[in-house]
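Listed below are the residues making up each chain.
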Amino acid sequence: MKGAVVFNGINALDFHAVRCNVVRIPEVVKRLRDAQRIWDDVECLEGLELANFIASDDEVFLGNIRLKSLASAIVQVGLYDRYIKAFGVPECLIGSINGDSALAVAVGLYSFEDMIRNSAAVLNRSWSEGRVAGELVLSGISLVKFAAFERVEIEGRQTYQEIKVDGRELGPLITQMIEDLGVKRFVNVGPGNLLMHRQGTELEMAEVQILESIDMDPMLNWFWPELKESPLARASTH
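Calculation rules
- Counting of residues starts from 1 at the beginning of each chain's written sequence and follows it residue by residue.
- Only residues with pLDDT of at least 70 are given local features in this predicted model, and only at 80 or more are side-chain atom pairs given and counted; all residues enter the totals for whole chains, interfaces and linings.
- Excluding hydrogens and water, the side-chain values take into account all heavy atoms of the structure.
- As used in this record, nonpolar core signifies buried Ala, Val, Leu, Ile, Met, Phe, Trp, Tyr and Cys residues forming a set joined through side-chain atoms within 4.5 Å.
- Note on classification: 1.4 Å probe, protein chains only; a residue is buried when its accessible area is under 20% of the maximum for its type, exposed when over 50%, partly exposed between these limits.
- Numbering of helices and strands starts at the N terminus; helices are DSSP runs of H or I of at least 4 residues and strands are runs of E of at least 2.
- Contact definition: two residues touch when any of their heavy atoms are within 4.5 Å.
- pLDDT gives the predictor's per-residue confidence on a scale running from 0 to 100.
- Centres within 6.5 Å are what make two rings of Phe, Tyr or Trp a pair, Trp counting through its six-membered ring; a difference in plane orientation under 30 degrees is then read as stacked, over 60 as edge-to-face, and the rest as tilted.
- Counted as over-ring charges are cases with an Arg CZ or a Lys NZ within 6 Å of the ring centre that also lie within 35 degrees of the ring normal.

Draft legend 1. Geometry of the nonpolar core. Grouped together as the largest cluster of nonpolar side chains are 52 residues, with contacts concentrated most on Val-22, Ile-74, Phe-112 and Met-115. Element by element, the count of residues in this core is highest for helix 5 (residues 65–87), at ten residues. Beyond its immediate chain neighbours, meaning those up to four positions away, Ile-74 contacts Arg-31, Leu-32, Ala-35, Leu-50, Phe-112, Met-115 and Ile-116. Phe-146, Met-177, Val-183 and Phe-186 belong to the second largest nonpolar core, which has 15 residues in total.

Here you go:
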């Protein structure tokens, strides 16, 4: 069955309980440590621990949109590292291609280090102001552009090739993947199916599987049960 991995969006870590659990996953911990070293190496960036920021309360985390975007991408790269260790490299990849993009790192458009150094959180340091007049600081965050890639062999080497799609909305892109490429299984690298659940009815009619990488991992069977007391966190999985 042909499958695709979908990178969740910037809102993947909107729930505090989810954030506190995801920073316990070893591959995420490693990527956070790598990111912290890069962050600390950038001139004039001091006094921020990325892991602590992710585990911070909602007012702090949600109030710093640039840092939230970068943190979400770092976590998704870590979760993708874990996924490919267990299941191998996927045939197709889907996700946001602009801004802090775990997808762009996965397909090799730029390195993990380049993602950190070129993040709006680094280049525009007004993130430290948090909120301005009670409003979220949104400047520097562009509208999401989705992209899709298919694994191909070029000159004897496996690589990812971008598929021509309309990147303005996820729904038509998913439909194109099903109809043109025969994709029948989508694995969300989230945490949570915040992007994919919106397409639920259409995908059920197409007899397509929607899975969650955390759910597929028997070593992470503690992740969601620990959140059972949190209705908001539960809602993110459906």
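Draft legend 2. Representation of the confidence of the model for the protein within the structure. Mean pLDDT for the protein: 83, with 79% of residues reaching 70 or above. Helix 6 (residues 102–106) holds the highest mean pLDDT among the elements of the protein, 97, whereas strand 3 (residues 131–132) holds the lowest, 35. In this model, residues 127–140 is a region of pLDDT below 50 whose contacts with residues beyond four sequence positions or in other chains number 24 contacts. The model gives residues 231–238 a pLDDT under 50, and that stretch makes 19 contacts with residues more than four places away or in other chains.

Draft legend 3. Looking closely at unusual backbone geometry. A positive phi angle, close to 55°, is found at Glu-155, a residue other than glycine. Classification of Glu-155 as exposed rests on a relative accessible area of 83%.

Draft legend 4. Representation of the packing of aromatic side chains in the model. Considering all chains together, one arrives at five aromatic pairs under this definition. Taken together, a centroid distance of 5.1 Å and an interplanar angle of 35° make the contact between Tyr-83 and Phe-87 tilted. Note that Tyr-83 and Phe-87 are positioned in helix 5 at a spacing of four residues, about one turn of the helix. Put simply, the rings of Trp-222, Phe-223 and Trp-224 touch in pairs and so form one group of aromatic residues. Of note, Arg-24 hangs over the ring of Trp-222, and the distance from its end group to the ring centre comes to 4.2 Å. Above the face of the Phe-112 ring, Arg-31 is positioned so that its terminal group lies 4.6 Å from the ring centre.

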